[in-house]
Number of protein chains: 2
Amino acid sequence: MADVITPSRERIAPIFPKERYDDLMSLLFFAYRDFISDPDAILARYEFGRAHHRVLHFVTCHPGMRVADLLDMLKITKQSLGRVLKQLITGGYIEQQPGETDRRERLLFATSEGEALAARLREPQSRRIERALARLEPDARDTIADFLLNMVNEAEQGDVARRVFEERTSA
Amino acid sequence: MADVITPSRERIAPIFPKERYDDLMSLLFFAYRDFISDPDAILARYEFGRAHHRVLHFVTCHPGMRVADLLDMLKITKQSLGRVLKQLITGGYIEQQPGETDRRERLLFATSEGEALAARLREPQSRRIERALARLEPDARDTIADFLLNMVNEAEQGDVARRVFEERTSA
DNA sequence: AAAATATGTCAACATGGCTGACGTAATTAC
DNA sequence: GTAATTACGTCAGCCATGTTGACATATTTT
């Protein structure tokens, strides 16, 4: 089998995109830009930033989650997380409990203040999503969820799906 | 921690979302997280970051655009833009030309190197979008574009639509 | 001529990433 | 039962990229 010119699936960039997606790229930027800035005004009153919001969001969605899982979702280092987590804990928005089976774990829970703040932060973002969906067909929501899940790194789509669609679980 | 106990009376937008959108919020985070990190490895070889990428993206999409329009799209200060723009110009990826009618303007153009780099940066992101759309109905693309546009601040949806759908124009 | 506009720049600071090194408690492996 | 591994935390410093405020220059508009 020497000298056969295999249609070598290139190593670096196997599949070239046929189409241009500049529109979707730009729209994703604009949509995310505005969506993510919604809670800024509320956060500022607590002297928190977007990093605090992300932590609060995931901890309230997954009460009792492990620190390692949070790190895996946020894809940041434990040092970066530690900084904001410490502020959320000393501020009384998040608590830690040792794991029952493995007491090395320090499972994360939002306090009632944490839940309340998270709810307030979700409000403007929920309204934005609701408004965006309102003008679309009723099945648009599923289409968009599918699209966003497909946009995640393939190796992690399983984890993400499990975490997102079994929201409010510790995994 | 200033002002922790804020009476929830100061409600600016009085419409409460009926549903929970935690799934879409999380998915948008995960999707954007992975989408935006695609070009990091390429950027690093040029000692550029994501801010450079954003500038290059919009300048290649809108050749001859004004600095003020770029600032309006990115929603950052001219000082922040100035830093990365200077590096892109001294690196030979972007050029400026005085405007014909208004010579105060310094219109932005990508050089051929800039176009080439922008194309390389688009590659992994285009592949990701193509893969994400591949498993959806053919009309999903329009649904997603509509959704993302609707997610933009209402006051700017017109500008964004004009800019995105008349891609490759200086406005 | 004066005011407004488009752009650039300096300096200082904030947020939130990063790496590297090190420490402690609890669990697992040999 | 000791050793290795794991889960988590922390100190210190650096980097990318956002911010404000003040000021400069050229050009256009009034």
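Since we're looking at a predicted model, the values are computed, not measured. (Residues numbered from 1 in each chain as written. Chains lettered and ligands numbered in written order. Predicted model: local features only at pLDDT ≥ 70, side-chain atom pairs only at ≥ 80, totals over all residues. Heavy atoms only, no water.)

1. Let's talk about the UniProt feature "domain: HTH marR-type" (unreviewed entry) in chain A
- The residues that UniProt annotates with the feature "domain: HTH marR-type" (unreviewed entry) are residues 21–153 of chain A.
- Along residues 21–153 of chain A the backbone is 68% helical and 8% strand, and the end-to-end C-alpha distance reaches 18 Å. (UniProt positions renumbered as here; feature names shortened; annotations may be inferred. Helix = DSSP H or I, 4+ residues; strand = E, 2+ residues; numbered from the N terminus.)

2. Overview of the protein's contact with DNA strand C
- The full set close to DNA strand C counts 25 residues, and A:R54, A:T77, A:R83, B:K78 and B:R104 are the nearest of them.
- The sugar-phosphate share of atoms of DNA strand C within 4 Å of the protein amounts to 57%.
- A:T77 is positioned with one of its backbone polar atoms (N or O) 2.7 Å from a phosphate oxygen of DNA strand C.
- Between a base oxygen of DNA strand C and a side-chain N or O atom of B:K78, the distance comes to 2.4 Å.
- Secondary structure elements with two or more residues in the surface near DNA strand C: helix 3 (50–61) and helix 5 (78–90) of chain A together with helix 4 (67–74) and helix 5 (78–90) of chain B.
- Sort the elements by how many residues they give to the surface near DNA strand C and helix 3 of chain A lands first, with 4 residues.
- Of the residues assigned to the surface near DNA strand C, the class counts are 4 nonpolar, 8 polar and 13 charged. (Near = heavy atom within 4 Å. Polar contact = N/O pair within 3.5 Å; in protein donor to acceptor, adjacent residues only side chain to side chain. Nonpolar A, V, L, I, M, F, W, Y, C, P; charged D, E, K, R; others polar.)

3. With respect to the protein's contact with DNA strand D
- Neighbouring residues of DNA strand D: 25 residues in total, closest A:K78, A:R104, B:R54, B:S80 and B:R83.
- Contact between DNA strand D and A:A68: a phosphate oxygen at 3.0 Å from a main-chain N or O atom of the residue.
- Backbone polar atom of B:T77 to a phosphate oxygen of DNA strand D: 2.8 Å apart, as the coordinates give it.
- Here the surface near DNA strand D gets 4 residues from one element, more than from any other, and that element is helix 3 (residues 50–61) of chain B.
- Counted by class, the surface near DNA strand D contains 4 nonpolar, 8 polar and 13 charged residues.

4. What about the interface of chain B and chain A?
- Contacts between chain B and chain A engage 71 residues on the former and 73 residues on the latter.
- Between chain B and chain A lies a buried interface of about 7600 Å² when both sides are counted; carbon and sulfur atoms form 63% of it.
- One can count 10 salt bridges joining chain B with chain A.
- Ionic pairing is found between A:R141 and B:D23, a salt bridge with its closest N-O pair at 2.8 Å. (Contact = heavy atoms within 4.5 Å. Buried area = accessible area lost by both parts, 1.4 Å probe. Salt bridge = Lys/Arg side-chain N within 4 Å of Asp/Glu carboxyl O.)

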